[in-house]
Amino acid sequence: MSLTRRTLALAGVAGLGLSACSPRAAGGQTVLKAVDVHPADYPTVAAVKWMGEELGRLTDGRIGIRQFPAGQLGTEDDSIGLTRFQAIDICRVAVAALNNAFPETRLLALPYVYRDEAHVRAVVDGEIGTELLNVFEGRGLIGLAYYDAAPRSFYNVRHPVTEPGQMRGLKMRAPQSDIFLDSIRAMGANPTPLTFGAVFSSLQTHLIDGAENNWPSYQSSRQFEVARYWSDTQHSFSPDALLMSKASFERLTPADRELVRDVARRSVPIMRAEWDKRQAEARATVLAAGVQVAQVDREAFAATVRPVLDKYLSEPHLRALHERIAAVA
């Protein structure tokens, strides 16, 4: 999460600069710049668009948001760097991209920690979620909200997978996260770290045999056109994080800071309504295209990754947090 030459170049291409003028104000208007690797119609992008409209409504146009969706400013790692160093103001990234820098977020990315979507939503909406939003301030970021991005399951170009033994030998794309690399390895496959944007071509050329993700990403990226075997492992309920540059946040007035936080919180149900609709539509689209969906032995998959949980929960405070998450109804 350092300020790389690539990050500097992306900022320059976008005409953003890295001076201490973010958020940018012109004619009395504050324009917050937001990035996302997902396309313009994706639920996370739609939720941030709603935030901009709501901020504009509540401030008579004094505060707005300009979006850069579809990976216009690079990968999620680029997004984090650009946000930390004030080239942009807001980014939406997968929690997996934050695990190494913010160890507490591992509790959101570890496999088979959550029972279902209702469980993970209850966690991030409650006291634990507030604690896990507050971990970012020490490294130049403000946690605004957690958005849905799950459940995640595996898919591949080779054959149906219903139990862990059938993963053996498959080269599976993993996000650039130690947790995902270790988890895929524990399940018997060979993890290959790649950016999200590289997955489709890598499946086409057989650089990899498969990947894992949620229904909307599988469909919107068109990866289902080449990877035709979906295995409903639901191994991860890892959410996304909506983050803001701490420097940009602190340049707002106290009242505007609270307004941004409040609007971000209220964008969560907007995102979830879009997410639920998009999940159903994406699943229907890929099934209509002939993708084969296999039900799996989830208990068997969960058993393979228990050593991974033990590894990442070795610190007492993380183990205690895991126990609190398990106790959430």
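Further up the page is the structure itself.
All of the points below concern the structure found in this document. (Residues numbered from 1 in each chain as written. Predicted model: local features only at pLDDT ≥ 70, side-chain atom pairs only at ≥ 80, totals over all residues. Heavy atoms only, no water.)

We now examine the packing of aromatic side chains. Scanning all chains against the criterion turns up eight aromatic pairs. Seen from their ring centres, Tyr155 and Trp230 are 5.7 Å apart, and the 5° between their planes marks the pair as stacked. Of the two residues, Tyr155 is situated in strand S6 (residues 152-156) and Trp230 in strand S10 (residues 229-236); the sequence distance between them amounts to 75 residues. The class of Tyr155 is buried, set by a relative accessible area of 1%. With a relative accessible area of 1%, Trp230 lands in the buried category. Site record: aromatic cluster; members linked through ring pairs are Tyr155, Trp215, Tyr218, Phe224 and Trp230. (Phe/Tyr/Trp six-rings, centres within 6.5 Å; stacked < 30°, edge-to-face > 60°. Helix = DSSP H or I, 4+ residues; strand = E, 2+ residues; numbered from the N terminus. Buried < 20%, exposed > 50% of the residue type's maximum accessible area, 1.4 Å probe, protein only.)

What follows deals with the pairing of strand S11 (residues 240-245). Along S11, six of the six residues are buried, which leaves the element largely enclosed by surrounding structure. Side chains Asp240, Leu242 and Met244 project from S11 onto one buried face, and the interleaved Ala241, Leu243 and Ser245 project onto a second face that is buried too. Pairing geometry for strand S4 (residues 90-94) and S11, over five bridges, is antiparallel. Within S11, the residue paired with Ile90 across the bridge is Met244. The pairing of strand S5 (residues 141-147) with S11 spans six bridges and is antiparallel. Residue pairing for S11: Tyr147 is matched across the bridge by Asp240. (Pairing = 2+ DSSP bridges.)

Now for the side chain of Ser231. As for its position among the elements, Ser231 is in strand S10. Engagement of the side chain of Ser231 in a polar contact is seen with the backbone oxygen of Val161, the distance being 2.8 Å. Contacts of Ser231, omitting those with residues within four sequence positions, involve Ser153, Phe154, Val161, Ala294 and Val296. (Polar contact = N/O pair within 3.5 Å; in protein donor to acceptor, adjacent residues only side chain to side chain. Contact = heavy atoms within 4.5 Å.)

On inspection of all chains with the given rule, the structure shows 23 salt bridges. Across the pair Arg278 and Asp41 runs a salt bridge, and its minimum N-O distance is 4.0 Å. With Arg278 in helix H11 (residues 254-288) and Asp41 in the loop between strand S2 (29-35) and helix H2 (43-58), the pair connects residues that are 237 residues apart, well separated along the chain. Among the ionic contacts, a cluster of salt bridges with common partners joins Glu54, Arg57, Glu258, Asp262, Arg265 and Arg266. (Salt bridge = Lys/Arg side-chain N within 4 Å of Asp/Glu carboxyl O.)

Worth remembering: the numbers are spatial, not functional.
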